[in-house]
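Fold and contact review
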Amino acid sequence: KNEVEQSPQNLTAQEGEFITINCSYSVGISALHWLQQHPGGGIVSLFMLSSGKKKHGRLIATINIQEKHSSLHITASHPRDSAVYICAVRPGGNNNDMRFGAGTRLTVKP
Amino acid sequence: GAGVSQSPSNKVTEKGKDVELRCDPISGHTALYWYRQRLGQGLEFLIYFQGNSAPDKSGLPSDRFSAERTGESVSTLTIQRTQQEDSAVYLCASSPRQLAGGYEQYFGPGTRLTVT
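Residues numbered from 1 in each chain as written. Chains lettered and ligands numbered in written order. Predicted model: local features only at pLDDT ≥ 70, side-chain atom pairs only at ≥ 80, totals over all residues. Heavy atoms only, no water.

Here's the deal with the overall build of chain B
A count of helical and extended segments in chain B gives 0 helices and 10 strands. Expected size for 116 residues packed as a compact globule is a radius of gyration near 13 Å; at 13 Å, chain B falls within 12% of this value. Projecting the C-alpha coordinates of chain B onto the three principal axes gives extents of approximately 40 × 30 × 25 Å. Here chain B, with 116 residues, has 47% of them falling under the buried criterion. In chain B, 55% of the contacts between residues at least 6 apart in sequence involve partners at least 24 apart. Accessible surface, chain B as shown: approximately 5,600 Å² in total, 43% of it carbon and sulfur. Counting 12 positive and 12 negative side-chain charges, chain B places the averaged centre of each group 3 Å from the other. (Helix = DSSP H or I, 4+ residues; strand = E, 2+ residues; numbered from the N terminus. Rg over C-alpha atoms; globule rule 2.2 N^0.38 Å. Buried < 20%, exposed > 50% of the residue type's maximum accessible area, 1.4 Å probe, protein only. Contact = heavy atoms within 4.5 Å. Areas by Shrake-Rupley, 256 points an atom, 1.4 Å probe, with all protein chains shown as cover. Lys, Arg positive; Asp, Glu negative; His and termini not counted. Charge placed at Lys NZ, Arg CZ, Asp CG, Glu CD.)

Shown next as structure tokens:
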């Protein structure tokens, strides 16, 4: 079993829909990241959070440390949001590595 | 300002040859990471550099893989005696500080390596 599990694996939505992508992890962490990987392969960091909630434009990320769960929400989705969304965690302690989920492929249709 | 750059963008090599991949981090970023993404799979951590400290090599898959970084500048990832399973996109990322300090990573465009 992977240490970081994402769901769903694939998601197709109509433009304007509210999107939720989930991430569950099994290790203690110091931080959780949400990344966006564009069809061309480039990766952009969307959020880094260790507690609570962050909002940037139409994107909202939440984390529940006790439940070891995070969600990424996209409001008023748009075709340009189509990408792979990756959840990654940095384990606690002296670990410098990152553990990645397999990603959620989002397609937003006009 | 300039982001993280990597070169080459694509590399095709024959099995058994050595390859060297380059990463230029954002100026002033002390932390640098190498990751690998095989086709259809998730990202894998390879190695981490922080300033002049000894690198964290815990993610390197075999002793054919090595990486160097001088100070807070360019890093090179070397793969010796390449194998077909080394085919992947190799991504570099830099950060102003160690992640625990609360700084995000900035990713380069990656080098797509194909071993034939």
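Examining the interface of chain A and chain B
Contacts between the two partners involve 15 residues from chain A, matched on the other side by 18 residues from chain B. A combined buried area of about 1,500 Å² lies between chain A and chain B, and 61% of that area is made up of carbon and sulfur atoms. Of all residues in chain A, the largest losses of buried area upon contact with chain B belong to Ile43(A), Asn96(A) and Phe100(A), amounting jointly to 37% of the total for that side. At the junction of chain A and chain B, the tally comes to 0 salt bridges. Where chain A touches chain B, the interface holds 1 residue pair in polar contact (both at pLDDT 80 or more). For the side of chain A that touches chain B, the elements supplying multiple residues, two or more each, are β4 (29–37), β5 (43–49) and β9 (83–91) of chain A. Considering every element that reaches the side of chain A that touches chain B, the biggest residue donor is β5(A), with 5 residues. By residue class, the composition of the side of chain A that touches chain B is 8 nonpolar, 5 polar and 2 charged. (Buried area = accessible area lost by both parts, 1.4 Å probe. Salt bridge = Lys/Arg side-chain N within 4 Å of Asp/Glu carboxyl O. Polar contact = N/O pair within 3.5 Å; in protein donor to acceptor, adjacent residues only side chain to side chain. Nonpolar A, V, L, I, M, F, W, Y, C, P; charged D, E, K, R; others polar.)

Description of the state of the cysteines
All names here are of chain B. A complete count under the given rule lists 2 disulfides over all chains for this structure. Here cysteine 23 engages in a disulfide with cysteine 92; their sulfurs sit 1.8 Å apart. Looking down the S-S bond of the cysteine 23 and cysteine 92 bridge, the torsion is -65 degrees, so its handedness is left-handed. Pair noted here: cysteine 23 is in strand β3 (residues 19–24) and cysteine 92 is in strand β8 (residues 88–95), with a separation of 69 residues, a long-range link. Here cysteine 23 falls in the buried class, since its relative accessible area comes to 0%. (Disulfide = S-S within 2.5 Å.)

A look at the side chain of Gln6(B)
Residue and element names in this part refer to chain B. Within the secondary structure layout, glutamine 6 lies in strand β1 (residues 5–7). Engagement of the side chain of glutamine 6 in a polar contact is seen with the backbone oxygen of tyrosine 90, the distance being 2.9 Å. Reaching out from glutamine 6, the side chain makes a polar contact with the backbone nitrogen of glycine 110 at a distance of 2.9 Å. In this structure, glutamine 6 is in contact with Arg22, Cys23, Trp34, Tyr90, Leu91, Cys92, Gly108, Pro109, Gly110 and Thr111, ignoring residues within four places of it in sequence.

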